[in-house]
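What follows is the residue order along each chain.
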Amino acid sequence: MSGQRDRGGYHRQRPPTPSSSAPNMSAADPSNVPDAASARSAVTDTSELVEARRAKLSAWRSQGIEPYGKRVEGLVGLAEARARFDAEVQAAYDEAVAAAKASSSSESVDDPRDRVRVAGRVMQHRDLGKLVFLSLRDHTGDLQATISKALVPADAFELAKRLDYGDIVVCEGPIGATRRGETCVWADRIELACKSLFPPPEKWHGLVDPEHRSRRRYLDLHVNPDSMRTFTARSRTISRIRRFMEDRGFLEVETPMMQPIAGGAAARPFTTHHNALDLELFMRVAPELYLKRLLVGGMPKVFEINRNFRNEGVDRSHNPEFTALEAYEAFGDSGTMMELTESLVHRLAVASAEDRRGEDRVRTGDEDGPILPFGDLDIDYRRPFDRITYEDLFERGAGFSCREIDRVRARAREIGIDEAKLDDWFVVNEVFEHDAEPCIDPARPTFVVDWPSAISPLTRAHADRPEIADRWDIFIGGMEVGPAYTELNDPDVQLERFEAQLRDGGDDEERTFRSLDRDFIDALRVGMPPAGGLGLGIDRLVMLLTDRASIRDVILFPLLRPASEAGVE
RNA sequence: GAUUCCGUAGCUCAGUUGGCAGAGCAAGCGACUUUUAAUCGCUAGGUCCUGGGUUCGAGCCCCAGCGGAAUCACCA
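Residues numbered from 1 in each chain as written. Chains lettered and ligands numbered in written order. Predicted model: local features only at pLDDT ≥ 70, side-chain atom pairs only at ≥ 80, totals over all residues. Heavy atoms only, no water.

## Points about the overall build of chain A
For step 1, the next point in the chain: On a plain count of helices and strands, chain A comes out with 18 helices and 19 strands.
For step 2, the next point in the chain: Within chain A, the fraction of its 569 residues that count as buried is 46%.
For step 3, the next point in the chain: Counting only carbon and sulfur atoms, one obtains 51% of the accessible surface of chain A, whose full area is about 29,500 Å². (Helix = DSSP H or I, 4+ residues; strand = E, 2+ residues; numbered from the N terminus. Buried < 20%, exposed > 50% of the residue type's maximum accessible area, 1.4 Å probe, protein only. Areas by Shrake-Rupley, 256 points an atom, 1.4 Å probe, with all protein chains shown as cover.)

## Concerning the sheet that holds strand E15 (residues 386–389)
For step 1, the next point in the chain: The strand order across the open sheet built from eight strands is E7-E11-E12-E19-E18-E17-E16-E15, with neighbouring strands paired in mixed fashion. Each of the sheet's edge strands pairs with one partner strand only, and the pair in question is strand E7 (251–252) and E15.
For step 2, the next point in the chain: Alignment of E7 against strand E11 (residues 301–309), held across two bridges, turns out to be parallel. Directly across from leucine 251, in E11, lies its bridge partner valine 302. (Pairing = 2+ DSSP bridges.)

## Description of the side chain of glutamate 419
For step 1, the next point in the chain: If you trace the backbone, glutamate 419 turns up in the loop between helix H13 (405–414) and helix H14 (424–436).
For step 2, the next point in the chain: Relative accessible area serves as the criterion here: at 9%, glutamate 419 is assigned to the buried category.
For step 3, the next point in the chain: Within the structure, glutamate 419 has its side chain in polar contact with the side chain of arginine 413 (distance 2.9 Å).
For step 4, the next point in the chain: With residues near it in sequence (within four places) discarded, glutamate 419 still touches Arg409, Ala412, Arg413 and Val427. (Polar contact = N/O pair within 3.5 Å; in protein donor to acceptor, adjacent residues only side chain to side chain. Contact = heavy atoms within 4.5 Å.)

## Quick look at the confidence of the model for chain A
For step 1, the next point in the chain: In this model, chain A carries an average pLDDT of 87, and 88% of its residues clear a pLDDT of 70 or more.
For step 2, the next point in the chain: At the level of individual helices and strands, chain A shows its lowest average pLDDT in helix H1 (residues 2–13), which scores 28, and its highest in E7, which scores 98.
For step 3, the next point in the chain: Across residues 1–44, confidence stays below pLDDT 50; counting only partners more than four residues off in sequence or on other chains, it has 29 contacts.
For step 4, the next point in the chain: A low-confidence stretch, residues 564–569 stays under pLDDT 50, and its non-local contacts, those more than four residues away or across chains, total eight contacts. (pLDDT = per-residue confidence, 0-100.)

## Here's the deal with the packing of aromatic side chains
For step 1, the next point in the chain: With the rule as written, the count across this model stands at seven aromatic pairs.
For step 2, the next point in the chain: Taking the centre distance of 4.0 Å and the plane angle of 15° together, the rings of tyrosine 390 and phenylalanine 432 count as stacked. A residue pair is termed long-range when its members are at least 10 positions apart, and tyrosine 390 in helix H12 (residues 390–398) and phenylalanine 432 in helix H14 qualify at 42 residues.
For step 3, the next point in the chain: By relative accessible area, which is 0% here, phenylalanine 432 ends up buried.
For step 4, the next point in the chain: An aromatic cluster of at least three residues, connected via ring pairs, comprises Phe385, Phe447 and Trp472.
For step 5, the next point in the chain: Positioned above the aromatic ring of tyrosine 290, the side-chain terminus of arginine 293 is 4.7 Å from the ring centre.
For step 6, the next point in the chain: Sitting above the plane of the tryptophan 451 ring, arginine 471 keeps its charged end 4.2 Å from the centroid. (Phe/Tyr/Trp six-rings, centres within 6.5 Å; stacked < 30°, edge-to-face > 60°. Lys NZ or Arg CZ within 6 Å of the ring centre and 35° of its normal.)

Below, the structure written as structure tokens:
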């Protein structure tokens, strides 16, 4: 365990204590007798494995081989190098070599095979005496390098024999195949690009402990190709979202992550402090109130893809910092945002399915898709997505209308809700979450439309039905991926809602950090055009597109408690 | 924050009723020019997460703590 190794280092660096019986116990003095603590650490750290590698490192140095190489030109990715293999050329070459051997001609045969220069991490190392096979890996894939004693200088062959798993090498030679038909680089040059000092995970089972995989993502990425694929897919998804939004005329903007008032969502914020200004600040829980100020300023369509921070629990679909797309369109409404969201999610699904064409259970757009597996589900992203009203969904789940408030309250008591002190619509929503949300088909993206105004304080109500807000939420794969609203732009109504929120919402602890964003009200008084607003959880979207069950599998460095130093003060 | 489960070699994992700490891979030395988790011989490698307790004796039982996972709670 890393904790043990770290602790070993700690012991070695710890200055002698007054009670220590041995004088001058310092790491710099190798002659001293180790005390009990350092004797233990010498046993528990990985020094034997690391020392073997260090020994090679200094051996290379003394032979004039630099173990931490330099810039390399003209590299080809391993997948690309593999693609350059030509079986016919190889066959012709084999024949020519055989013919030359048969005629015992001393003339060398011309090699028509493509030459490549590749680099990769050593993932396998098979030494057969005068022939060494290396499995190299880069972010594009794996490729074998074959080093024959007859084809390289003695020192290069010695290097190939003595390579460790995890070392990074540069090889150059014709792309060909072995007798067993494995495509490979027949290296006639091989150089060390970087010596690895770290004992790698087991080559067959790899790194499976989820804690380990997140903490040492750098290992996870090259040991588990799935992980590299997932994070590559995440990156491509985010750039596709950018392109989509830009194509539709949205301007990407950046608004403060540190805010004097954490507004835009009812979530607990993280606090921080600016020293020079002696200012208490909050990490943002949402960019909403700043993006709307930009609509006031005259930007017609804005979006931001960035981090929100919420000081809440952690589970499979929640990380304290998460990435969201938030977008606002002047003169739009929730319907505008619905069309935009459906187009965007559909396009992302089409592109992901295309990237994963041929994979089990994946159907691309031209194969009656896109359909992408997510756990046990095969999620069908074909347009149009499903739509259902909040009230209809409630009735489907509960078996009666949410307007029958006595029955709603009775049901709430049945499922253990203390309904007496809650307003009607909050009781409705408790029953909705318990009985109705599970009725949404998880294999179909579903817009749930027309939510109660009471639980949507920043949303404009329907003109003819003030109790219903012009809002929808999209659910995919059993997760809420995001909401959209027809934004409230009446400053007086907005002020009222804020004040009601401060008065009624949340507990005492929440109220201590809530305060009213008067500048935002001022902005609305200047005048914000009617607008549609959207928020989409990018991490959850990536989970769906890459079939990962946990948000920690799609965030490169998810929040974890610091590794244990238990037992060390 | 609650409950349950997990923590043994660098990695992946066994460990029986409480009775000498195990395997595979990785590592070191040696053999091998067509391997594919190469193979074969030899060698070495342990704070059984930490701290207490019970016991003649604890990896195993009990208590507390640390870390993780799952479920729940929180979560516009």
